[in-house]
Amino acid sequence: MPVAGVDLKTFVADRLVARNPISRALFNREADRLARACEQMAERFLAGGRLLAFGRGAAATDAQHVSVEFVHPVIVGKRALPALDLSVAFERWLPAIVTASDIVIGFSAPDGDATISETLRQADAAGALTFALPGPRASFAVDAPSQDPFISQELVEVLYHTLWETVHVFFEHGALRQAQDAVSASNGALRQAQHDLGATAFLYPFLADGKQDTAAIVRDVAASIRAKAADDERLRGEVATNQCDRIAEAASAVIRRLAAGATLLMFGNGGSATDANDWTIDCVMPPAGSPAIRAVSLAMEPANVTAIANDVGVDTIFLRQLIAHGRRGDVAIAISTSGGSANVIAALEEARKRGLLTVALLGYDGGEIVRRGLADIPIVVGCDYIPRIQEVQASIYHVLTEVWRRWMA
């Protein structure tokens, strides 16, 4: 489809795969440091520490995302780990509660944030393990992967996903090591610790006998981190090939609706809720010289969400808000890894009744949303592992936002 002399499908495909060399360079360079950082995080958690995260603007949604991943891990059988998003008042909140056992992550845009850096400095002075993602100074500081804020944020998301995925390796290894120390008192202790790996033991074959030293595990974890990034790179390539027509269709359809006065209504659960929040902020806080895009996140309303869930039911948390806000001609945008969340389906059904355009970012095979034809334009990341789906969905919605800005200006 030619738009302003440019084939939109080609533009979308090129922008998606443009992420891959930057990703490869970042994780080839940082995987070993990340593996060692995961080991340090596990030691902090085992000592009773918490993860405290914060950011401003779009970066605040990364703090939301990392918090939910640690508290409510999608890896079946993994324990909840204490994590908080302090973004709403981090300058005062963090110094009030941080301890020497804690892990502190400050999220920033590529051009940096002096207030984030100062707050990390205070946490470091208190003895916390600190992460600047990105930033100049911390226990683990990383340069911005790209000066493009969208690409930088996407790769930072991959980075912190690898932190929560692999911290459990060292967490479980620590439990096994403690069990080995106690084995002379009870031969059942080691067997119990190995059993605690449960259904996810296949993810950590190098822990099976409880004998491998930590240095060897660090090497294995670093290799695993590189493999995770490579999976994303492959998936972006597949989406660029197989879904670029749908992404281009969604871009064009939304531009037409926006030109007619539409509002974008976005929603999703858990990590997808933070993505809806991020996408909304990206729309309403454009770079200088770019137009703002009318957008609302139905996931950014905790009082509404909890009131509706408590008084009516969790399946209606987006439905009731869509009834209040949705108008004929608007666009309902669902983000779901499974394509089967009842509250997302209910909102899409209502959106169709009200004459809204429905767009869905999905994983797996698109689930019930695709099977029931609830999205006018479904965009599917063909993967069955939630972190990789979310990471590639972030690339998709950032490319969509880039298209809207370029062709609306």
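It should be noted that the structure appears before, not after, this text.
The rules behind these values
- Residues numbered from 1 in each chain as written.
- Predicted model: local features only at pLDDT ≥ 70, side-chain atom pairs only at ≥ 80, totals over all residues.
- Heavy atoms only, no water.
- Pairing = 2+ DSSP bridges.
- Helix = DSSP H or I, 4+ residues; strand = E, 2+ residues; numbered from the N terminus.
- Buried < 20%, exposed > 50% of the residue type's maximum accessible area, 1.4 Å probe, protein only.
- Axes fitted to C-alpha atoms, helices over the stretch in contact; angles between N-to-C directions.
- Contact = heavy atoms within 4.5 Å.
- Right-handed = clockwise from strand over helix to strand, strands pointing away.
- Salt bridge = Lys/Arg side-chain N within 4 Å of Asp/Glu carboxyl O.
- Parallel < 35°, antiparallel > 145°, perpendicular 65-115°, else oblique.
- Left-handed = near helix turned anticlockwise from the far one by under 90°.
- Nonpolar A, V, L, I, M, F, W, Y, C, P; charged D, E, K, R; others polar.

### Things to note about the sheet that holds strand β6 (residues 129-133)
Strand pairing in a sheet relies on backbone hydrogen bonds, with the paired strands running either antiparallel or parallel.
Consideration 1: Spatial ordering of the open sheet is given by β4-β3-β5-β6-β7, a layout of five strands whose pairing is parallel. Two strands bound the open sheet, and with one partner strand each, they are β4 (83-85) and β7 (140-141).

### Describing the environment of Asp-245
Consideration 1: Mapped onto the elements, Asp-245 comes out in helix α9 (residues 244-259).
Consideration 2: Assessed through its relative accessible area of 39%, Asp-245 is described here as partly exposed.
Consideration 3: As for Asp-245 and Leu-8, which are separated by 237 residues in sequence, their C-alpha atoms are 8.5 Å apart.

### Looking at the sheet that holds strand β12 (residues 377-380)
Consideration 1: The five strands are arranged β9-β8-β10-β11-β12 in an open sheet whose pairing can be described as parallel. Each edge of the sheet is formed by a strand with only one pairing partner; in this case those strands are β9 (295-297) and β12. Across the sheet, the mean angle from the axis of one strand to that of its neighbour is 15 degrees, orientation sign disregarded.
Consideration 2: With four bridges joining them, strand β11 (residues 357-362) and β12 adopt parallel strand pairing. Note on β12: the bridge partner recorded for Val-359 is Ile-377.

### Things to note about the side chain of Thr-401
Consideration 1: Position of Thr-401 relative to the elements: it lies in helix α15 (residues 386-408).
Consideration 2: Taking relative accessible area as the criterion, Thr-401 reaches 0% and is therefore assigned buried.
Consideration 3: With sequence-adjacent residues up to four places away left out, Thr-401 is seen in contact with Phe-150, Trp-279, Asp-282 and Ile-293.

### What to know about the pairing of β6
Consideration 1: Across the five residues that make up β6, a large majority, five, are buried.
Consideration 2: Relative to β6, strand β5 (residues 103-107) is paired through five bridges, and the arrangement is parallel. Its bridge partner lying in β6, Phe-107 is registered against Leu-133.
Consideration 3: Chirality of the crossover, the property in question, places the unit of β5, helix α5 (residues 114-125) and β6 among those that are right-handed.
Consideration 4: Judged from the two bridges that link them, β6 and β7 form a sheet pairing that is parallel. Residue pairing across strands places Ala-132 opposite Ala-141, the latter belonging to β7.

### Focus on the pattern of salt bridges
Consideration 1: As enumerated under the stated definition, the model contains 21 salt bridges in all.
Consideration 2: Put simply, Arg-372 and Glu-349 hold a salt bridge, and the shortest N to O gap is 2.1 Å. Within this pair, whereas Arg-372 is found in the loop between α14 (367-371) and β12, its partner Glu-349 is found in helix α13 (residues 342-353), the two being separated by 23 residues in sequence.
Consideration 3: Judged by its relative accessible area of 29%, Glu-349 falls in the partly exposed class.
Consideration 4: Residues joined in a network through salt bridges with shared partners are Glu-165, Lys-228, Asp-232, Arg-388 and Glu-391.

### Observations regarding the packing of helix α1 (residues 8-17) against α15
Consideration 1: Closest axis-to-axis distance for the α1/α15 pair is 10 Å, and the angle between their directions is 135 degrees. By the criterion of interaxial angle, the relationship of α1 to α15 is oblique. In this structure, the crossing between α1 and α15 has a hand that is right-handed. Across the interface between the two elements, Leu-8, Phe-11, Val-12, Arg-15 and Leu-16 of α1 pack against Ser-395, Ile-396, Val-399, Glu-402, Val-403, Arg-406 and Trp-407 of α15.
Consideration 2: Here the contact of α1 with α15 is composed, by residue class, of eight nonpolar, one polar and three charged.

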